[in-house]
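# Structural overview for review
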Amino acid sequence: DAGVIQSPRHEVTEMGQEVTLRCKPISGHDYLFWYRQTMMRGLELLIYFNNNVPIDDSGMPEDRFSAKMPNASFSTLKIQPSEPRDSAVYFCASTNKTDQGFAFFGQGTRLTVV
Amino acid sequence: AQSVAQPEDQVNVAEGNPLTVKCTYSVSGNPYLFWYVQYPNRGLQFLLKYITGDNLVKGSYGFEAEFNKSQTSFHLKKPSALVSDSALYFCAVSPYNTDKLIFGTGTRLQVFP
């Protein structure tokens, strides 16, 4: 398995534009997490899914953020409209229930909103 | 509130010396505890975890961590640091009966030759 795959690796967009980040979890993993990493706030859990169902989205900062997992092999995190304060590195991670906490992380998407 | 604290933003240590990276947690019940490492421009990598049992947990690359329930701490240690250990280290907790992973703010470890 190639691990957790995120795309794009880098995204630069103008304020007000829609941004979509993509994640392909490891095959067979039933948990998927979206995190945001900034210098000021560290690593924040935004939302996580179990068996494609959102379980906890309390970390999603505002209504401009939305996440979906239409099937077991794909998830998106969308920001609409984007703002400069959304600039961060966004990580996707996946794991199994039996390996609780042993999460595999993607390499992240570095988002810059100008 | 459930939280993880890493009180040091940066730890500096000379190569060959022992290192400690501190972590304390605040959760109800018996949590699962973890350490992850992040190298530049990379995602996080799992180092070790404590679920139950022996308070001293051994992990990858010669790292170990000591669980102390009375002090609610889970400090990361290594007897002899290497320059290649220089990275960003995250402590994380998965509160009992949840599937979340809550991370601390990270500690940058700098090992000098």
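See the structure printed just above.
Here's what I pulled together on the structure shown here. (Residues numbered from 1 in each chain as written. Chains lettered and ligands numbered in written order. Predicted model: local features only at pLDDT ≥ 70, side-chain atom pairs only at ≥ 80, totals over all residues. Heavy atoms only, no water.)

Once that is clear, we can look at unusual backbone geometry. Residue and element names in this part refer to chain A. The amide bond that connects Ser 7 to the next residue, Pro 8, takes the cis arrangement and shows omega of -10°. Along the chain, Pro 8 falls in the loop between β1 (5–7) and β2 (10–13). Omega for the bond connecting Gln 80 with Pro 81 falls within 30 degrees of zero, at -10°, which places this linkage in the cis form. Tracing the sequence through the fold places Pro 81 in the loop between β8 (74–79) and β9 (88–95). Its identity is not glycine, yet Asn 51 carries a phi of approximately 50°, on the positive side. Mapped onto the fold, Asn 51 is located in the loop between β5 (42–50) and β6 (53–56). In this structure, Asn 52 is a non-glycine residue whose phi angle is positive, near 75°. Exposure remark for Asn 52: the relative accessible area of 28% places this residue in the partly exposed category. (Helix = DSSP H or I, 4+ residues; strand = E, 2+ residues; numbered from the N terminus. Buried < 20%, exposed > 50% of the residue type's maximum accessible area, 1.4 Å probe, protein only.)

All names here are of chain B. Of all hydrophobic cores here, the largest spans 28 residues; its most connected members are Trp 35, Leu 47, Leu 48, Phe 74, Leu 76 and Tyr 89. Listed by contribution, the elements that provide at least two residues to this core are β2 (10–14), β3 (19–21), β5 (32–38), β6 (44–50), β8 (64–68), β9 (73–78), β10 (87–94) and β12 (107–112). Considering each element in turn, this core owes the most residues, four residues, to β10. Beyond its immediate chain neighbours, meaning those up to four positions away, Phe 74 contacts Cys 23, Leu 33, Phe 34, Trp 35, Leu 48, Lys 49, Tyr 50, Ala 65, Glu 66 and Phe 67. (Core = buried A, V, L, I, M, F, W, Y, C linked by side-chain atoms within 4.5 Å. Contact = heavy atoms within 4.5 Å.)

When the parts come together, some accessible area is lost, and that loss is often what is quoted as the size of the interface. Taken together, the 21 residues of chain A in the interface contact 21 residues of chain B. Across the chain A to chain B interface the summed buried area is about 1700 Å²; carbon plus sulfur atoms make up 52%. Taken together, the connections running from chain A to chain B amount to one salt bridge. A salt bridge links B:Lys100 to A:Asp56; its shortest N-O distance comes to 2.8 Å. Remark: the boundary between chain A and chain B carries four residue pairs in polar contact (both at pLDDT 80 or more). When contributions to the side of chain A that touches chain B are tallied by element, the ones reaching two or more residues are β4 (31–38) and β5 of chain A. By residue class, the composition of the side of chain A that touches chain B is 10 nonpolar, seven polar and four charged. (Buried area = accessible area lost by both parts, 1.4 Å probe. Salt bridge = Lys/Arg side-chain N within 4 Å of Asp/Glu carboxyl O. Polar contact = N/O pair within 3.5 Å; in protein donor to acceptor, adjacent residues only side chain to side chain. Nonpolar A, V, L, I, M, F, W, Y, C, P; charged D, E, K, R; others polar.)

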